[in-house]
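Close look at the chain arrangement
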Amino acid sequence: MSLQPVILSGGSGTRLWPLSREAYPKQFLPLTGKHTMLQETVRRLDGIELEHPRQAIGPLDPIVVCNEAHRFLVAEQLRLLDRRPAAIILEPEGRNTAPALGLAAATVDDGQDPVLLVMPADHDIRDGHGFRQAVADGYVLAGQGAVITFGIVPDKPETGYGYIRRGDRFPAQGTTGGTHVLAAFVEKPDAATAEGYLRSGDYLWNSGIFMMKASRWQGLLERFRPDIATACEKAYRGGATDGDFRRLDADAFHTCPSDSIDYAVMEQLAGGVPEGDTFALVLPLDVGWSDVGAWSALWEVSARDAAGNVLDGDAFVHDARDNLLISQHRMVAAVGVNNLIVVETPDAVLVASKESAQDVKAVTQFLQHEQRSEYRHHQRLHRPWGNFDSISFGARYQVKRLTINPGESQSLQMHHHRAEHWIVVSGTARVTNGKKVFLLTENESTYIPIGTTHRLENPGAIPLEIIEVRSGSYLSEDDIVRFEDAYNRMDGEL
């Protein structure tokens, strides 16, 4: 029996705006260390074999379930870790966690039945050893037929989380920690109720982390939500493999209902008498967990100075306490203020009180309603070949800074409405310009007329930096006709 990590990488990028955007949600950001939250989730099981000698646990390569629009971000972040995924499953649109896990279970090879460890990609866990120990205990119980959820031991009366009520102790053999029968899931409480939960000691925060054998999940989903099980099976079997990516049958997946693991299955098992070898348990986790679900939560898990300030980037404070200041582009200074959140990016600035951190969604709702680009994108946009920044734009012109990663290339393409001028800042470019193919080095340039087939490649070992000047009557990204593309992007994909 093996351990199969399943990483759920969804999210809309609204709660940590402006750092997080719809096209670049928080799991792709290095919020709590040098690695991104997705990368930390992948690394979280490193060394588990050494920490539970009673079981020969060999974690498999992770399965990642993500939005189709984020696939190259996921692939690139795994590549930077030198990790290979078992699969990256691409959802055409989000359908919550129950279908996502159904799709992950469908990837398991016939004849294998690993224990699935389901982890959201955007959580922070400080005690990695404690987490791995709890996973090792869960592995033993899941092998015996248990369906397990992990409950976070609360340290405050939090009203922003759902809760789990734990029942009697469960006599678990071969484990090291306390295990309880899963009594009930409880919705987010008001402040007074949360205080009572904390005093009772019987309630845990719902972490969204689960463990069970793949066959157990498939059987329970077919039992309690056969509509989801059928839609996931059709979407997966009707899809196709594209390298590390698994594309779904979009029409079949659109028919799938949206539901969470909690509602679809776990609540049906909570508080029930074990049926045969199926039983639901909760394992308490006291490992410094946070879902970093608001700016105030990031302040809590970050290193602070003597006055309680968190400073990231070019930031300065004077006579100020308990503030969070993040600067990406310009200097940020705070004088004589307390309990503020100030987040500066090249295209937006957020100022909020820590007490109102949950209300940042009002900003993203406004931006979405007004169809503003700041809701969806950063000024820097990522592509499978690298990224680009918009430097300046006006009527009939646009200036961008492109970074092409070593060994990568843009598609062979053509534009109907714009011409392009390329200037090499650093590195070496291989340029296809009509029928000509040639190299450009630093300070050299070329001109691509409207309607000319062209491609930009980086044959070197260092990033290629290009200044691109566009001119013409229509300059948007969707003016593109692809003839060849190394990344198998479909028509209309950027």
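Described in the following lines is the structure provided in the data block.

Rules and cut-offs
Residues numbered from 1 in each chain as written. Predicted model: local features only at pLDDT ≥ 70, side-chain atom pairs only at ≥ 80, totals over all residues. Heavy atoms only, no water. Core = buried A, V, L, I, M, F, W, Y, C linked by side-chain atoms within 4.5 Å. Buried < 20%, exposed > 50% of the residue type's maximum accessible area, 1.4 Å probe, protein only. Helix = DSSP H or I, 4+ residues; strand = E, 2+ residues; numbered from the N terminus. Contact = heavy atoms within 4.5 Å. Phe/Tyr/Trp six-rings, centres within 6.5 Å; stacked < 30°, edge-to-face > 60°. Lys NZ or Arg CZ within 6 Å of the ring centre and 35° of its normal. Pairing = 2+ DSSP bridges. Axes fitted to C-alpha atoms, helices over the stretch in contact; angles between N-to-C directions. Polar contact = N/O pair within 3.5 Å; in protein donor to acceptor, adjacent residues only side chain to side chain.

1. Structural notes on the nonpolar core
If you look at the biggest cluster of nonpolar residues, it comprises 87 residues, and the most contacted ones within it are Leu 3, Leu 117, Phe 150, Met 211, Trp 295 and Leu 456. Counting residues per element, this core draws most heavily on helix 5 (residues 128–143), which supplies 6 residues. If sequence neighbours within four positions are ignored, Trp 295 has contacts with Arg 15, Leu 16, Trp 17, Pro 18, Leu 19, Leu 324, Ile 326, Ile 341, Val 343, Leu 350, Ala 357 and Val 360. Ala 104, Ala 105, Ala 229 and Val 282 belong to the second largest nonpolar core, which has 44 residues in total.

2. Quick notes on the packing of aromatic side chains
Under the counting rule described, the total for this entry stands at 9 aromatic pairs. Between Tyr 24 and Phe 28, the aromatic rings sit 5.9 Å apart at their centres with planes inclined by 55°, giving tilted as the arrangement. Exposure class is identical for Tyr 24 and Phe 28. Each is buried. Measuring from ring centre to ring centre gives 5.8 Å for Phe 72 and Phe 245, while their planes differ by 85°; the resulting arrangement is edge-to-face. Of this pair, Phe 72 sits in helix 3 (residues 71–80) while Phe 245 sits in strand 11 (residues 245–247), placing them 173 residues apart in sequence. For the pair formed by Phe 72 and Phe 245, the shared burial category is buried. Positioned above the aromatic ring of Trp 299 is the side chain of Lys 354, whose terminal nitrogen or guanidinium carbon lies 3.9 Å from the ring centre.

3. Observations regarding the sheet that holds strand 29 (residues 464–472)
With antiparallel pairing, the 6 strands of this open sheet are ordered in space as 20-21-22-29-24-27. The open sheet has two edge strands, strand 20 (380–383) and strand 27 (445–448), and neither has a second partner. With direction set aside, neighbouring strand axes in the sheet form an average angle of 25°. Pairing between strand 24 (residues 418–426) and strand 29: 8 bridges, direction antiparallel. Bridge pairing in strand 29 places Val 424 opposite Ile 466.

4. Side note on unusual backbone geometry
It is generally the case that most residues other than glycine have a negative phi and that most peptide bonds are trans. Note the cis peptide between Trp 17 and Pro 18, where omega equals 10°. The phi angle at Asn 96 is positive, at roughly 75°, despite the residue not being glycine. Locating Asn 96 in the fold gives a position in the loop between strand 3 (87–91) and helix 4 (97–106). What makes Asn 96 partly exposed here is its relative accessible area of 39%. Look at Gln 371: it is not a glycine, yet its phi comes out positive at around 55°. Looking at the element boundaries, Gln 371 is found in the loop between helix 12 (361–369) and helix 13 (373–376).

5. Digging into helix 10 (residues 261–269)
Looking at helix 10, one finds that the buried residues are Ile 261, Asp 262, Ala 264, Val 265, Met 266 and Leu 269. Phi turns positive one or two residues past the end of helix 10, at Gly 271, with a value near 75°.

6. Quick word on the side chain of Thr 403
Along the chain, the position of Thr 403 falls in strand 22 (residues 397–404). At a separation of 2.9 Å, a polar atom in the side chain of Thr 403 contacts the side chain of Glu 465. Not counting residues within four places of it along the chain, the set of residues in contact with Thr 403 comprises Trp 385, Gly 386, Asn 387, Pro 463, Leu 464 and Glu 465.

7. So, the sheet that holds strand 14 (residues 310–312)
The strand order 14-16-18-19 describes an open sheet built from 4 strands, whose pairing is mixed. The open sheet has two free edges, formed respectively by strand 14 and strand 19 (348–353), since each of these has just one partner strand. Along the sheet, successive strands turn relative to each other by an average axial angle of 5°, direction set aside. Bridge count between strand 18 (residues 340–345) and strand 19: 6 bridges; the pairing is antiparallel. Residue pairing in the sheet places Glu 344 in a bridge with Val 349 of strand 19.

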